[in-house]
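# Results of the structural survey
Here is how the chains run, residue by residue.
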Amino acid sequence: NAGVTQTPKFQVLKTGQSMTLQCAQDMNHNSMYWYRQDPGMGLRLIYYSASEGTTDKGEVPNGYNVSRLNKREFSLRLESAAPSQTSVYFCASSERGQETQYFGPGTRLLVL
Amino acid sequence: QKEVEQNSGPLSVPEGAIASLNCTYSDRVSQSFFWYRQYSGKSPELIMSIYSNGDKEDGRFTAQLNKASQYVSLLIRDSQPSDSATYLCAGPEVGNNRKLIWGLGTSLAVNP
């Protein structure tokens, strides 16, 4: 099992460009999450999907959109990137009703 | 008060010593907890979970939960240089166990 995979590993964008971060899990988990991690700010939840077909805002959703494509895949889109979105983005998944979350390797995003 | 508070450190211990990492939490956090370890440049990985009052041991790691004091700790016995990392404490949000509330993490350095 690969667990949680994320693509790309690293990306450089110019202000105003758009991009989609991809996440997939092969653990048959129902819930999936997108976090960003910044120095001194810890892990902050952007969006989550409790189950296929549902998505909910987290702590810092502004500037992002998500799609739960199917049970395996959960993507994060930046429509118009801003330097404030420079961060490390982690995708995670968990079973229904289980709080333990398993993380992907992360995507390092630099917005110039 | 932050929902989950951790001393940011750095905590420095000599090799072979016991490292003690602490976390306090507010009433917004449900009373089960997770300790994650994050190496620099890597994603968080689960070390231990604890759901009930008292101690839980797994190898060199012991988690302690005191619900009355709203306090959870992680002890690492016989600390090794490979234990040098940031340790994150997290607990589910009351009323929504799919959302974890995270501490900012404690940086641990184990010196040979």
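Right above here is the structure, for reference.
Residues numbered from 1 in each chain as written. Chains lettered and ligands numbered in written order. Predicted model: local features only at pLDDT ≥ 70, side-chain atom pairs only at ≥ 80, totals over all residues. Heavy atoms only, no water.

## Description of the overall build of chain A
Heads up, the condition is: Only DSSP runs of H or I reaching four residues or more are called helices, and only runs of E reaching two or more are called strands; each is numbered from the N terminus. The reference for a compact globule is 2.2 Å times residues^0.38; the radius of gyration itself is calculated from the C-alpha atoms. Note on classification: 1.4 Å probe, protein chains only; a residue is buried when its accessible area is under 20% of the maximum for its type, exposed when over 50%, partly exposed between these limits. Whether two residues touch is decided by their heavy atoms; if any such pair falls within 4.5 Å, the residues are in contact. Note on areas: these come from Shrake-Rupley sampling with a 1.4 Å probe, and a residue is covered only by the protein chains present in the view. By the counting rule applied here, Lys and Arg register as positive and Asp and Glu as negative, while His and the ends of each chain are not counted. One atom stands in for each charge, and that atom is NZ of Lys, CZ of Arg, CG of Asp or CD of Glu.
Across its full length, chain A holds 0 helices and 11 strands. Along chain A, helices and strands appear, N-terminal first, in the series β-β-β-β-β-β-β-β-β-β-β. Its C-alpha atoms give chain A a radius of gyration of 13 Å, within 12% of the compact-globule value 13 Å for 112 residues. Structurally, chain A occupies a C-alpha span of about 40 × 30 × 25 Å along its principal axes. Each of the 112 residues in chain A was classed as buried or not, and the buried ones make up 52%. If you take every contact in chain A between residues at least 6 apart in sequence, the share linking residues at least 24 apart comes to 55%. As presented, chain A carries roughly 5100 Å² of accessible surface, and 48% of it is formed by carbon and sulfur atoms. Charged side chains in chain A number 11 positive and 9 negative. The centres of these two groups are separated by 7 Å.

## Brief notes about the interface of chain B and chain A
Our working rule: The term buried area means the drop in 1.4 Å probe accessible area that two parts suffer when joined, counted for both and summed. When a carboxyl oxygen of Asp or Glu lies within 4 Å of a side-chain nitrogen of Lys or Arg, that pair is called a salt bridge. For this analysis, a polar contact is any N or O atom pair within 3.5 Å, provided that within protein one partner can donate a hydrogen and the other can accept it, and provided that sequence-adjacent residues contribute only side-chain to side-chain pairs. Just so you know the grouping, Ala, Val, Leu, Ile, Met, Phe, Trp, Tyr, Cys and Pro go in nonpolar, Asp, Glu, Lys and Arg go in charged, and all remaining residues, Gly too, go in polar.
Each side of the interface is counted separately: chain B has 19 residues, and chain A has 21 residues. Taken together, both faces of the contact between chain B and chain A bury some 1700 Å²; the carbon and sulfur share is 53%. Here chain B is connected to chain A by 0 salt bridges. Where chain B touches chain A, the interface holds 9 residue pairs in polar contact (both at pLDDT 80 or more). For the side of chain B that touches chain A, the secondary-structure elements that each account for two or more residues are strand 4 (33–38), strand 9 (85–93) and strand 10 (96–102) of chain B. Sorting elements by how many residues they give to the side of chain B that touches chain A places strand 10 of chain B first, with 6 residues. Here the residues of the side of chain B that touches chain A sort into 10 nonpolar, 6 polar and 3 charged.

## Observations concerning the pairing of strand 7 (residues 61–66) of chain B
All names here are of chain B. Formally: When DSSP locates at least two bridges between a pair of strands, those strands are taken to pair.
Two elements, strand 6 (residues 54–58) and strand 7, share 5 bridges in a ladder whose sense is antiparallel. Counted as the bridge partner of Asp58 is Phe61 from strand 7. Strand direction decides the pairing type here: strand 7 and strand 8 (residues 71–76), joined by 6 bridges, are antiparallel. Directly across from Asn66, in strand 8, lies its bridge partner Tyr71. A loop of 4 residues connects strand 7 with strand 8, the two strands running antiparallel in sequence, and Gln70 in this loop sits at a positive phi of about 55 degrees.

## What to know about unusual backbone geometry
In this model, Thr7 of chain A is joined to Pro8 of chain A through a cis peptide bond whose omega is -5 degrees. Structurally, Pro8 of chain A is set in the loop between strand 1 (4–7) and strand 2 (10–13). Each neighbour pair has its own omega, and for Gly9 of chain B with Pro10 of chain B the value is 10 degrees, a cis peptide bond. In this structure, Pro10 of chain B sits in the loop between strand 1 (4–6) and strand 2 (11–14). With a phi close to 60 degrees, Asn28 of chain A is a non-glycine residue in the positive phi region. Secondary-structure assignment places Asn28 of chain A in the loop between strand 3 (19–25) and strand 4 (31–38). At Asp78 of chain B, a residue that is not glycine, the phi angle is positive and equals roughly 50 degrees.

## Some points on the state of the cysteines
Residues and elements named next belong to chain A. So the rule is basically this: Disulfides are defined in this document as cysteine sulfur pairs within 2.5 Å.
According to the stated counting rule, one finds 2 disulfides over all chains in the structure shown. In this model, Cys23 is linked to Cys91 through a disulfide, with the two sulfur atoms separated by 1.8 Å. One quick way to see it: the torsion about the S-S bond of Cys23 and Cys91 is about -75 degrees, and its sign makes the bridge left-handed. Taken as a pair, Cys23 in strand 3 and Cys91 in strand 9 (residues 87–94) lie far apart in primary sequence, 68 residues in all.

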